[in-house]
Amino acid sequence: MNKKSKPSAYTLPASQLQKIIDLLHEQGYTVIGPQRQDNAIIYDEITSTDALPAGWTDVQEGGTYQLQRRDDDAWFGYAVGPHSWKQFLFPAKKKLFTIERETFRAQAEPADKTRYAFLGVRSCELHAIAIQDKVFRDGPYADPAYSRLRNNAFFIAVNCTEPAATCFCSSMNTGPGAESGYDLLLTELIDSGQHEFLISSASAKGRALLGKMELPEATPAARERGQELLARAADKMHRRMDAEKARKLLLANPEHPHWQELGARCLSCANCTMVCPTCFCSTVEDVTSLTGDTAERWRRWDSCFTMGHSYIHGGHIRSSGAARYRQWLTHKLATWVDQFGVSGCVGCGRCITWCPVAIDVTEEITKFEPVTQETAA
Amino acid sequence: MAEIKKPKLAVWKFASCDGCQLSLLDCEDELLAVAESVQIANFPEASREIIKGPYDISLVEGSITTPHDAERIHRIRRQSRLLITIGACATAGGIQALRNFTSVDSYVTTVYATPAYISTLKKSTPISEHVPVDFELRGCPVNKYQLLEVINAYLNGRRPNTPPHSVCMECKSKGLVCVAVAQKTVCMGPLTHAGCGALCPEYNRGCFGCYGPKETPNTASLAAWWREHGEKNTDIMRSFRGFNAYAEPFRKESEAHENI
Ligand code: SF4
Ligand code: SF4
Ligand code: SF4
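Analysis parameters
- Along each chain, residue indices are assigned from 1 in the same order as the chain's sequence is written.
- Whichever chain is written first is A, and whichever ligand is written first is 1; the rest continue in order.
- Only residues with pLDDT of 70 or above have their local features reported here, since the model is predicted, and side-chain atom pairs are shown and tallied only from 80 upward, although totals for entire chains, interfaces and linings are computed over all residues.
- Remark: hydrogens and water are excluded; side-chain values derive from all non-hydrogen atoms of the structure.
- Each helix is a run of DSSP H or I of at least 4 residues and each strand a run of E of at least 2, with the numbering of both proceeding from the N terminus.
- Radius of gyration: over C-alpha atoms. The globule rule applied is 2.2 Å multiplied by the number of residues raised to the 0.38 power.
- Here the term buried applies to any residue with accessible area under 20% of the maximum for its type, exposed to any over 50%, and partly exposed to those in between, with areas from a 1.4 Å probe on protein chains only.
- Contacts were defined at the residue level, with two residues in contact if any of their heavy atoms lie within 4.5 Å.
- Throughout this document, a residue counts as near a molecule or strand when at least one of its heavy atoms sits within 4 Å of that molecule or strand.
- Just so you know the grouping, Ala, Val, Leu, Ile, Met, Phe, Trp, Tyr, Cys and Pro go in nonpolar, Asp, Glu, Lys and Arg go in charged, and all remaining residues, Gly too, go in polar.
- Summed over both partners, the accessible area lost on bringing two parts together, with a 1.4 Å probe, is the buried area.
- When a carboxyl oxygen of Asp or Glu is within 4 Å of a side-chain nitrogen of Lys or Arg, the pair counts as a salt bridge.
- Whenever two N or O atoms come within 3.5 Å, that pair is a polar contact, provided that in protein one can donate a hydrogen and the other can accept it, and provided that, for residues adjacent in sequence, both atoms are side-chain atoms.

Caption draft 1: Structural detail: the overall build of chain B. When its secondary structure is counted, chain B shows 12 helices and 5 strands. A compact globule built from 260 residues should have a C-alpha radius of gyration of about 18 Å, and chain B, at 19 Å, falls within 12% of that. Across its three principal axes, chain B shows a C-alpha extent of roughly 65 × 50 × 30 Å. Here chain B holds 260 residues, and 53% of them are scored as buried. Nonlocal contacts in chain B, meaning residues at least 24 apart in sequence, comprise 71% of its contacts between residues at least 6 apart.

As structure tokens, this is what we get:
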């Protein structure tokens with residue numbers, strides 16, 4: 001699909017980003033981008049670069065998230081917030097079909113023809129979308145609504161130069177620089193006194209749009225600066241996850257006593273699964289009109305932390321908190337690999353930040369280390 | 001369908017503020033449709049007409065606080081095919097169950113000029129402590145859409161969609177920013193039964209727990225977290241002593257923070 005040769009980079013003055021948004025609007029895209037709202041940077045519809053969180057960053061740790069002023073006016077100088085692109089491609093609540101008693105005929109919901117352009121997609125998020133693609137688009141049970149929205153979408157990625165303390169993408173090989181899966185890629189350069197972006201494309205759609213911009217080729221110095229910023233970002237990440245080791249530890253320790261400790265701490269509130277950009281569980285609810293003449297089937301997000309998730313005739317399979325936490329972690333970091341060929345975690349750190357009691361997957365996984373196969377046997 | 005006998009619906013009031021019944025009146029447009037689908041046999045907030053039982057569906061609001069009411073609920077149960085409690089009072093004893101943690105006599109002498117006229121029980125108790133209940137709808141007050149959903153589900157012989165998971169799931173599904181994490185606000189959402197649509201977090205406040213304990217609430221863990229982050233035991237106790245103070249998980253957790 002894409003040419004193997006490295007796409008060449010251009011320089012985009014910050015003032016010209018608006019033109020990209022305008023061109024996308026002209027092409028019928030609904031542009032979604034980052035903005036500051038309710039003490040966080042969230043994703044919502046955007047028409048102007050004025051709405052970007054200029055000069056703000058997010059300070060994150062387990063169970064806490066604070067916005068803080070930056071020394072500069074960078075537009076993308078934050079990491080990831082409580083939202084992810086999942087909420088657009090796989091909405092939290094969606095009507096699937098309506099059925100009439102009289103005819104007993106199901107009427108599928110008309111397809112959502114929205115064409116989204118996502119501005120500010122991080123590398124870990126591109127990986128998360130690639131993971132959801134395996135589930136919703138490329139697997140044996142493709143979801144037409146997801147596939148359509150996703151295939152129609154335009155992705156403007158931004159390289160991460162300011163990871164949060166909760167990020168661990170560098171150890172998961174999912175960032176901080178984006179390598180594929182985008183149409184356009186930006187690297188923000190602001191510390192040279194100028195505000196500009198390195199911009200490159202990796203798809204026909206992206207190249208076509210860039211072609212309309214008439215931008216100068218990036219100087220070697222600017223490219224070098226971009227590389228430096230990425231290397232510095234990777235260095236800043238202190239949290240780590242050894243994915244292969246995590247998988248082995250989890251598969252070897254289903255009865256480890258630490259699960260009980262986790263069960264005692266975990267609230268089963270499901271926040272981690274709601275914010276996780278790869279979590280894909282849903283359930284369906286049927287509703288009727290009062291007279292019972294019509295019924296509708298709705299799909300909504302579900303979580304392995306609810307009792308209903310493991311309910312089958314006669315009871316719940318995972319009734320203890322420990323069992324539910326084990327399900328989440330073991331699926332995410334171990335059995336996901338068997339199922340989909342990749343880890344279910346992209347190292348975005350959201351589940352760490354947004355857990356109301358700060359349960360940290362990177363830390364918890366180390367608790368299984370002392371008792372390995374040899375000592376447990 | 002018109003000539004098929006419509007199910008008879010009755011609404012009963014015990015110790016309560018009427019807010020849950022008002023949620024039904026508040027349905028306005030939908031209320032007409034409800035009135036077409038059921039025969040409203042007893043609903044003092046809406047009409048003076050009382051049609052004799054038995055009733056297909058009884059909606060019971062309020063808790064049991066007097067010897068007379070402890071009797072009356074049995075009569076209602078006997079006349080009702082389905083008995084559904086609506087709201088925190090009927091389901092958990094309500095705010096008036098705060099008396100359960102102290103001596104009701106002290107309240108009576110403080111509040112009433114002539115305490116001798118007051119005949120009351122020592123405790124405010126949920127309906128389920130007195131008679132079998134078919135379904136409990138949570139909330140203080142109940143959410144009108146959930147109330148309609150429950151009536152609708154029973155009319156159509158299906159289970160109501162009133163999931164027992166946390167308020168957090170509603171909060172996140174709406175794309176709200178967590179006030180606990182982003183503002184360090186005390187929020188009962190992770191312990192509280194969904195149903196309100198995360199109303200308080202939507203208005204930048206912590207959840208007060210109006211819908212009572214969710215399924216498998218881990219009260220001890222969240223309380224310990226609050227404690228570590230500087231909340232006083234009395235404040236933690238009060239967080240659990242709201243409209244659902246007498247719901248067992250909240251009651252136990254509040255007692256664990258009493259007098260320490
Ligand atoms: S498990 Fe946590 S860190 Fe990993 S992708 Fe999900 S939210 Fe991000
Ligand atoms: S790990 Fe944290 S966010 Fe996830 S269910 Fe448990 S308490 Fe909630
Ligand atoms: S604001 Fe409250 S209800 Fe919402 S996610 Fe946070 S803890 Fe849960």
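Caption draft 2: View of the site of ligand 3. Near ligand 3 you find Asn-271 of chain A together with Val-167, Cys-168, Cys-171, Lys-172, Cys-178, Val-179, Ala-180, Cys-187, Gly-189, Pro-190 and Pro-201 of chain B, and these make up its full shell. Secondary structure elements with two or more residues in the shell around ligand 3: helix 7 (167–173) and helix 8 (179–183) of chain B. The dominant element in the shell around ligand 3, judged by the number of residues it contributes, is helix 7 of chain B, at 4 residues. Grouping the constituent residues of the shell around ligand 3 by class yields 9 nonpolar, 2 polar and 1 charged.

Caption draft 3: Looking closely at the interface of chain B and chain A. On the side of chain A, 49 residues touch chain B, which itself brings 33 residues to the contact. When chain B packs against chain A, the two sides together hide about 3100 Å² of surface, and 57% of this comes from carbon and sulfur. Three residues stand out in chain B for area buried against chain A, namely Met-169, Lys-172 and Val-181 of chain B, and they jointly supply 21% of the buried area on that side. Seen at the junction of chain B and chain A, the total is 0 salt bridges. One can count 21 residue pairs in polar contact (both at pLDDT 80 or more) joining chain B with chain A.

Caption draft 4: Layout of the site of ligand 1. Residue and element names in this part refer to chain A. As a matter of local geometry, ligand 1 sits amid Phe-168, Cys-276, Pro-277, Trp-328, Lys-332, Cys-345, Val-346, Gly-347, Cys-348, Gly-349, Arg-350 and Cys-351. Looking at the shell around ligand 1, the elements with two or more residues in it are helix 11 (321–340) and helix 12 (350–353). Its residues placed into classes, the shell around ligand 1 shows 8 nonpolar, 2 polar and 2 charged.

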